[in-house]
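Given next are the chains, with one letter for each unit.
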Amino acid sequence: MDRIKRLFDSKKNEKILSVYFTAGFPKKDSTVDVIKALSDGGVDMIEIGIPFSDPMADGPVIQQSSQKALDNGMTQNLLFEQLKDIRKVTDIPLILMGYINTAMQFGFENLCKKAVEVGIDGFIIPDIPLEEYSSQYKPIVEKYGLKFILLITPETPEERIRKIDSASSGFIYMVSSASTTGAQNSFSEDKQRYFKKIADMNLKNPTLVGFGVSNKATFDAACEHSRGAIIGSAFIRALEEQPTVQDAVKSLISKL
Amino acid sequence: MNYNVNEQGYYGEFGGAYVPEILQKNVKELRENYLKIMQSPDFIAEIDQLLHDYAGRPTPLYFAKRLSEEVGAKVYLKREDLCHTGAHKINNALGQILLARRMGKTRIVAETGAGQHGVATATVCALMNMECVVYMGETDVNRQFLNVQRMKMLGAKVVPVISGNKTLKDATNEAIRDWCCNPQNTFYIIGSVVGPHPYPDIVAKFQSVISEEIKKQLKEKEGRENPDYLIACVGGGSNAAGTFYHYLQNEEVKLYEAEAAGLGIDTDMTAATIHLGKEGVLHGSRTLIMQTPDGQIVEPYSISAGLDYPGIGPMHANLARMGRAKVFAITDKQAMDAALRLTRLEGIIPAIESSHALAILAEAKFKPSDVIVVTVSGRGDKDMNTYSKYFEGQF
Ligand SMILES: Cc1ncc(COP(=O)(O)O)c(C=O)c1O
């Protein structure tokens, strides 16, 4: 059963909202609660961050949540333990997002195996570039029937976007700007032109826009030329500020 | 055996370019242009002149007579400590800023730990009139006050990094994040043979002037280009890469490198990455890394601020794996003893990093006929606080 495809097929006329959070944040055992609250709150897809000590592509908010999760004692083994019965909780697509170093220590194949066991649908690993993915990791990912979502950015030339589109599966993560993760208040006209340019390329994969999406203005702007958007830092901030995870989800949804 | 980088950017199984997509275009442009630029006659003329007139090269190859008597072999010191700004780091900073200019970049970022690379970068930015931002862990900003003042006087903006452990690896993360946010106008001047391909090769080539000079100088003094042993310390591994570069394929020259064991490799206060690290990816390169079984990077410890990096240049991971280089884990105490010995025998106060290399002279066995070249990567001025505290009451 391909949950990601089913989602994109079923939402042809609506925008898709995908939300990122860091596993083991704000508390070690809040992982399942957060997934349940997001799913109950109507979010379409969830990206579960595997905390890493040195998250090179992340801004301060996600960095701090990763550090907090590690201080809480979060590990990859514990994550799979927590996710053991997650398919009894929700049927929306769940994606693991992390960095290659922790995946290597866990064993990349082992990671795929465990992911399939608990019902994960795919991976986003921003420091595995296209070339390394195609030569070293793609055969393993495909063997396990998982999706691998590659990223494109405003700096990615058209020819490379085509290659990324052909290697990527599930969808393409369209990074909004030259930046690390982190909330922005508005998206410039430049960004709109870039989103439109990508839309006009008619890629085989659908695209979702991420990095900087935080409120109605940025969500709508992101969605204008894509199938939806991904929110990360703004939700992590809500988790910090709100008394419960349910309140954090409510606060996020109310801003959109 | 080829110990240099291959077409794909790997040294054996180490290396590569594991950077986020936003940097792929930059890294590709660099990869496609660096060799062409660095081999062009006008580039060579410009860098040679700067190395000579500005950095003070060639640095002497000094026969250390009294030290030789103690060691029981012929010991030469390659005096990188006499370079402008006090360490070998200037060789690389000069090279990379010329590269940055030819790539059309207008803004420079760098990371620094002890501050030597930050000072070298701030220096060349002053010289070339370019904007300079140096990321430095907050802990290091407080520990290396003098170098922070130097960078500021040189006109650089020093940004204290408060993420992670607030030291070198975090400063490197932050420099990479800055580069992600400013890919069009910014050039990242990396301070050692680390980072995504082609950086390890770029830095090794700019530091290779060290072994180029050793060859000539040893020929004059000993009638032969090849020593029996080359010895250098490794933090990321740039002074060692430069010291070994033109001898890599010449297997009769034995390569010894010193990494920092801190309080000992059987303690958790250590920075002995090659002895203790496991394969992983840090700062864009597949290499040996000090980490937990779950893949979290461990903060290393050494008395030397320039050697406490949790990774190692991919070239050195491969040299150790292939048995081409022998790696010694030198403790704080062995290094400090070696520093005092050099100071008292030769009147040279070395940087604590370099003292780790010098300590190998007391750890390994040599024959009286052996010719040894030890690279003294920097001078000890920046370390006087640490030395005085360590030797308190002894002078
Ligand atoms: C004097 C000196 N030697 C050595 C090093 C270590 O760097 P590398 O291993 O790249 O030569 C440093 C780094 O700060 C240094 O300042």
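Summarised in this report is the structure supplied together with it. (Residues numbered from 1 in each chain as written. Chains lettered and ligands numbered in written order. Predicted model: local features only at pLDDT ≥ 70, side-chain atom pairs only at ≥ 80, totals over all residues. Heavy atoms only, no water.)

### A few points about the overall build of chain A
Check the secondary structure of chain A and you find 12 helices and 9 strands. Since a compact globule built from 256 residues should have a radius of gyration of about 18 Å, the 17 Å found for chain A is in line with a globular shape. The dimensions of chain A, computed from C-alpha atoms along their principal axes, are 45 × 40 × 35 Å. The buried share among the 256 residues of chain A stands at 62%. Across chain A, contacts joining residues at least 24 apart in sequence account for 73% of those joining residues at least 6 apart. Averaging the positions of the 31 positive and the 33 negative side-chain charges in chain A gives two centres separated by 4 Å. (Helix = DSSP H or I, 4+ residues; strand = E, 2+ residues; numbered from the N terminus. Rg over C-alpha atoms; globule rule 2.2 N^0.38 Å. Buried < 20%, exposed > 50% of the residue type's maximum accessible area, 1.4 Å probe, protein only. Contact = heavy atoms within 4.5 Å. Lys, Arg positive; Asp, Glu negative; His and termini not counted. Charge placed at Lys NZ, Arg CZ, Asp CG, Glu CD.)

### Regarding the site of the ligand
Residues and elements named next belong to chain B. The environment of the ligand is made up of 18 residues, and the closest members are Ser192, Gly235, Gly237, Ser238 and Ser377. One of the backbone nitrogen or oxygen atoms of Gly236 is found 3.2 Å away from an oxygen atom of the ligand. Here an oxygen atom of the ligand sits 2.7 Å away from a polar atom, N or O, in the main chain of Gly237. When each cavity is represented as a set of grid points, the ligand is found to reside in the largest cavity. Residues that form the shell around the ligand fall into these classes: 5 nonpolar, 11 polar and 2 charged. (Near = heavy atom within 4 Å. Polar contact = N/O pair within 3.5 Å; in protein donor to acceptor, adjacent residues only side chain to side chain. 1 Å grid on protein atoms, 1.4 Å probe; cavity = no way out; pocket = protein on both sides within 12 Å on 5 of 7 lines; lining within 4 Å. Sits in = over half its atoms within 2 Å of the grid points. Nonpolar A, V, L, I, M, F, W, Y, C, P; charged D, E, K, R; others polar.)

### What about the state of the cysteines?
Inspection of the entire model under this criterion finds 0 disulfides over all chains. Left without a disulfide partner, Cys233(B) is nearest to the cysteine sulfur of Cys83(B), which lies 14 Å away. (Disulfide = S-S within 2.5 Å.)

### A few points about the sheet that holds strand β14 (residues 371–376) of chain B
Residue and element names in this part refer to chain B. In spatial order, the strands read β3-β4-β14-β9-β10-β13; together these 6 strands make up an open sheet with mixed pairing. The two strands at the open ends of the sheet, each matched to only one other strand, are β3 (61–63) and β13 (325–331). Between one strand axis and the next, the sheet turns through 25 degrees on average, direction left out of account. Packing of helix α10 (residues 209–222) onto the sheet brings it into contact with β3, β4 (74–79), β9 (229–233) and β14, and relative to β4 it is tilted by some 140 degrees. (Pairing = 2+ DSSP bridges. Axes fitted to C-alpha atoms, helices over the stretch in contact; angles between N-to-C directions.)

### As for helix α12 (residues 245–255) of chain A
All names here are of chain A. Regarding α12, the residues found buried are Val245, Ala248, Val249, Ser251 and Leu252. Along the axis of α12, the buried residues cluster in a sector spanning 165 degrees; they form a single face. Along α12, exposed side chains directed more than 90 degrees from the buried face belong to Lys250 and Ser254. Close packing links the buried residues of α12 with β1 (16–22), α2 (31–40), β9 (228–231) and α11 (233–241). (Arc of directions from axis to C-beta.)

By themselves these figures say nothing about function.
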